[in-house]
Amino acid sequence: MSFELPKLPYQKSALEPYISEKTIEFHYGKHHQAYVNNLNNLTKGSPFENSDLEEIIKKADGGIFNNGAQVWNHTFYFGQFSKDGCKEPMDQLKEAIESSFGSFDKFVEEFSKAAATLFGSGWAWLVRNDDGSLAIVQTGNAGNPLRDGQKPLLTCDVWEHAYYLDKQNARPKYIEDFWKIVDWKVISKRFSEI
Amino acid sequence: MAFELPKLGYDYTALEPHIDARTMEIHHTKHHAGYTNNLNNAIVSTALEGKSIEEILKGTSGHSTAVRNNGGGYYNHDLYWKVIAPGGSPKPEGVLQDALNEYFGSLENFREAFVQAAVTRFGSGWAWLVLQDKKLVVSSTPNQDNPLMDVAEVQGVPLLGIDVWEHAYYLKYQNRRPDYVNAFWNLINWDEVARRFKG
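Every chain begins its residue count from 1, and numbering advances along the sequence as written. Here chains are named by letter from A upward and ligands by number from 1 upward, in the order in which they appear as written. Local features are withheld for residues below a pLDDT of 70 in this predicted model, meaning they are given only at 70 or higher, and side-chain atom pairs are given and counted only at 80 or more; totals for whole chains, interfaces and linings count all residues. Neither water nor hydrogens contribute to the side-chain values; these are computed over all heavy atoms in the structure.

**Some words on unusual backbone geometry**
Heads up, the condition is: The way it works is that DSSP assigns letters per residue, a run of H or I at least four long becomes a helix, a run of E at least two long becomes a strand, and they are numbered from the N terminus.
Between A:Glu16 and A:Pro17 the backbone carries a cis peptide bond, its omega angle lying at 0°. Looking at where A:Pro17 falls in the secondary structure, it is placed in the segment before helix H1 (21-43). Of note, the bond from B:Glu16 into B:Pro17 is cis; its omega dihedral lies within 30 degrees of zero at 0°. Among the structural elements, B:Pro17 can be located in the segment before helix H1 (21-43). Positive phi, normally seen in glycine, also occurs at B:Ser45, with a value near 60°. If you trace the backbone, B:Ser45 turns up in the loop between H1 and helix H2 (53-58).

Take a look at the structure:
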């Protein structure tokens, strides 16, 4: 099975000024593309040649895991943004967030802290546990919560390449701007489709 | 006594075109300064206050994550600024040259191993030339870990280190880490590496 770079669901400039066109050009056009290329090269002739990304995330190790998970993570990340999107969670997701974190504001605060304090390269996630509760988790490097049986709903890439051209060392500023482009319609849909 | 952000032995522009002035300034005044402050905050009024950084790193397995991350970040960047210099310096000579030849076959073979370690470290981290039981080896560590730490896979004395966190090269090289690593090679201050080797 050959993996392909999914189409970006908006123009590269669509998230300006929060995420610059230049950052998207590199992040999507170079990093995401490289993970796809590496994964195709590594899976060829391997036991994962016919696996889908989820199986790779759950079972693979080393380079196949790293590149497979990064392909999935970036598709999930790029797929959740719009400047004109819904600014707050809706319906059942809204209730679930309030029940798990007290309030939407409290959730934003906790998620932002998780994203700001992940040391090195990695991701912050909002996930749904098996029992239906929501949780915030951090994963290092290519880590993905599917590996631990949790269902991802929202993610923030805190590899420096996600923000360094725009914000340099000011990761908290990137996280602040991240909230201005998360489209909660997408996140609510992900939640309802689990 | 609290740790202080070391001054650089050259200007921020001095490593151009290999490392640009803006990267140097942010790397030193924001990243390195951040690790220094956070390290001081992590050890203030603890048993670690007043100990040398080497002594602190040696006992990493017994310390907090904040000490591991920021102690490593403080030490690693200090080493980084010293093992590079404007224009680099002539190729290794004498006992260091002999040792590189003995353990890698040639300087070129060492270069290949070092570049490979730096390019393939996934995520944030460092690649090293390490003196381990009188032998020279190449290794890499994640995040701000280093060979002095008792948690490192390869333990020993770091002689040369390259920062491969994206913050070390992203403004100039973006996703092209190999270009940065090759540029770094031109800046290596072999006199300083030799000094550490003779220890």
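**Some thoughts on the packing of aromatic side chains**
Residue and element names in this part refer to chain A. How we decide: Under the pairing criterion, centres of Phe, Tyr and Trp rings, with the six-membered ring standing for Trp, must be within 6.5 Å; the plane angle then separates stacked pairs below 30 degrees from edge-to-face pairs above 60, leaving the rest tilted. Buried means the residue's accessible area, taken with a 1.4 Å probe over protein chains only, is under 20% of the maximum for its type, while exposed means over 50%, and partly exposed covers the values in between. The rule is short: NZ of Lys or CZ of Arg within 6 Å of the ring centre and within 35 degrees of the ring normal puts a charge over the ring.
Summed over all chains, the structure comprises 36 aromatic pairs over all chains. Relative to Phe-78, the ring of Tyr-28 has its centre 5.8 Å away and its plane inclined at 90°; by these criteria the two rings are edge-to-face. Highlighted residues: Tyr-28 in helix H1 and Phe-78 in helix H3 (residues 62-78), separated in sequence by 50 residues. On the basis of relative accessible area, Tyr-28 is assigned to the buried category, the value being 11%. A residue is classified by how much of its surface remains accessible, and Phe-78, at 3% relative accessible area, is buried. Over the face of the ring belonging to Phe-76 we find Arg-190, whose NZ or CZ atom lies 3.5 Å from the ring centre.

**Comments concerning the confidence of the model for chain B**
Convention followed: What pLDDT expresses is the predictor's confidence in each residue, scored from 0 to 100.
For chain B, the mean per-residue pLDDT works out to 97, and 99% of the residues sit at or above 70. The ipTM, which scores confidence in the relative placement of chains, is 0.96 for this predicted complex, and the corresponding pTM is 0.97.

**Some remarks on helix H7 (residues 171-178) of chain A**
Turn by turn, an α-helix covers 3.6 residues, leaving residues three or four places apart pointing in a common direction. To be explicit about the condition: By construction, the arc corresponds to the directions joining the helix axis to the C-beta atoms.
Listed as buried for H7(A) are A:Arg171, A:Tyr174, A:Ile175, A:Asp177 and A:Phe178. Projected down its long axis, H7(A) shows its buried positions confined to an angular sector of 165°, all on one face.

**What to know about the nonpolar core**
General note: in soluble globular proteins, nonpolar side chains tend to be found buried as a group. Condition: Take the buried Ala, Val, Leu, Ile, Met, Phe, Trp, Tyr and Cys residues and link them wherever side-chain atoms come within 4.5 Å; each set so joined is a nonpolar core. Note that domain bounds follow an automatic or database assignment of domains. Working rule for contacts: check all heavy atoms of both residues, and any pair within 4.5 Å makes them a contact.
Counting residues in each nonpolar core, the largest one holds 67 residues, and the members touching the most others are A:Phe107, A:Leu154, A:Trp179 and A:Trp184. In terms of residues, this core owes the most to one element, H3(A), which gives 8 residues. Residue assignment places this core across two domains, with domain 1 (21-78) and domain 2 (91-192) of chain A each supplying three or more. Residues contacting A:Trp179, with those up to four places away along its chain left out, are A:Phe107, A:Val108, A:Phe111, A:Ser112, A:Leu154 and A:Trp184. Judged by nonpolar contacts, the second largest core, of 59 residues, contains B:Ile19, B:Leu100, B:Leu148 and B:Ile188.

**Section: the pairing of strand E2 (residues 134-140) of chain A**
Along any regular strand the residues' side chains alternate between the sheet's two faces. Residues and elements named next belong to chain A. Condition: We treat two strands as partners when DSSP finds at least two bridges between them.
Pairing analysis gives 7 bridges linking strand E1 (residues 122-128) to E2, with the strands arranged antiparallel. Directly across from Trp-125, in E2, lies its bridge partner Val-137. Turn length for the E1-E2 hairpin, with the two strands adjacent in sequence and antiparallel, is 5 residues, and the turn residue Gly-132 shows positive phi of about 90°.

**A word on the side chain of B:Arg121**
All names here are of chain B. Rules: All tallies of charge rest on Lys and Arg as positive and Asp and Glu as negative; His and the ends of each chain are not included. Here, a salt bridge means any side-chain nitrogen of Lys or Arg that lies within 4 Å of a carboxyl oxygen of Asp or Glu.
Inspection of the secondary structure puts Arg-121 in the loop between helix H5 (107-120) and strand E1 (125-132). For the buried residue Arg-121, which engages in no salt bridge, the nearest side chain bearing the opposite charge is Glu-153, 6.2 Å off. Each residue touching Arg-121, except ones within four places of it in the same chain, is listed here: Trp-126, Ser-140, Thr-141, Pro-142, Val-164 and Arg-177.

**What about the packing of helix H4 (residues 94-104) of chain B against H5(B)?**
All names here are of chain B. Here is the rule we go by: For helices, the fitted line uses only the C-alpha atoms of the stretch in contact; every axis is such a line through C-alpha atoms, and the angle between N-to-C directions lies from 0 to 180 degrees. When describing relative orientation, an angle under 35 degrees is termed roughly parallel and one over 145 degrees roughly antiparallel, while 65 to 115 degrees is termed roughly perpendicular and anything else oblique. Here a crossing is called left-handed whenever its near helix is offset anticlockwise from the far helix by less than a right angle, and right-handed whenever the offset is clockwise.
Running from N to C, H4 and H5 point in directions that differ by 70°, and their axes come no closer than 8 Å. Relative to H5, H4 is oriented roughly perpendicular. When the axes of H4 and H5 are compared, the crossing they make is left-handed. Every residue of H5 that contacts H4 at Leu-100, Asn-101 and Phe-104 is listed here: Leu-107, Asn-109 and Phe-110.

**Section: the sheet that holds E1(B)**
All names here are of chain B. An order of E2-E1-E3 is seen for the 3 strands of this open sheet, with the pairing classed as antiparallel. Single-partner strands in this sheet number two, and they are strand E2 (135-142) and strand E3 (157-163). Within the sheet, the average angular offset between the axes of one strand and its neighbour, ignoring direction, is 20°. Here helix H3 (residues 65-83) sits on the sheet and contacts E1 and E3; the angle it forms with E3, its principal contact strand, is near 85°.

**What to know about the sheet that holds E1(A)**
All names here are of chain A. Read from one edge to the other, the open sheet built from 3 strands follows the order E2-E1-E3, with strand pairing classed as antiparallel. Each end of this open sheet is capped by a strand with a single partner; those strands are E2 and strand E3 (151-157). When the angles between neighbouring strand axes are averaged without regard to direction, this sheet yields 25°. Packed onto the sheet, H3 meets E1 and E3 and runs at close to 85° relative to E3.

**Things to note about the domain arrangement of chain A**
All names here are of chain A. Inclusion rule: When two components associate, each loses some accessible surface as probed by a 1.4 Å sphere; the sum of these losses over both components is called the buried area.
Each assigned domain of chain A is listed with its residue range as follows: domain 1 (21-78) and domain 2 (91-192). Taking the mean C-alpha position of each, domain 1 and domain 2 sit 20 Å from one another. Facing the 22 residues of domain 1 at the interface are 22 residues of domain 2. Taking both sides of the interface into account, the surface hidden between domain 1 and domain 2 amounts to around 1,700 Å²; carbon and sulfur atoms contribute 62%. A per-residue breakdown of the area domain 1 buries against domain 2 is headed by Thr-23, Phe-76 and Tyr-77, which together make up 37% of the total. With a shortest N-O distance of 3.0 Å, Arg-147 and Asp-61 are connected by a salt bridge.

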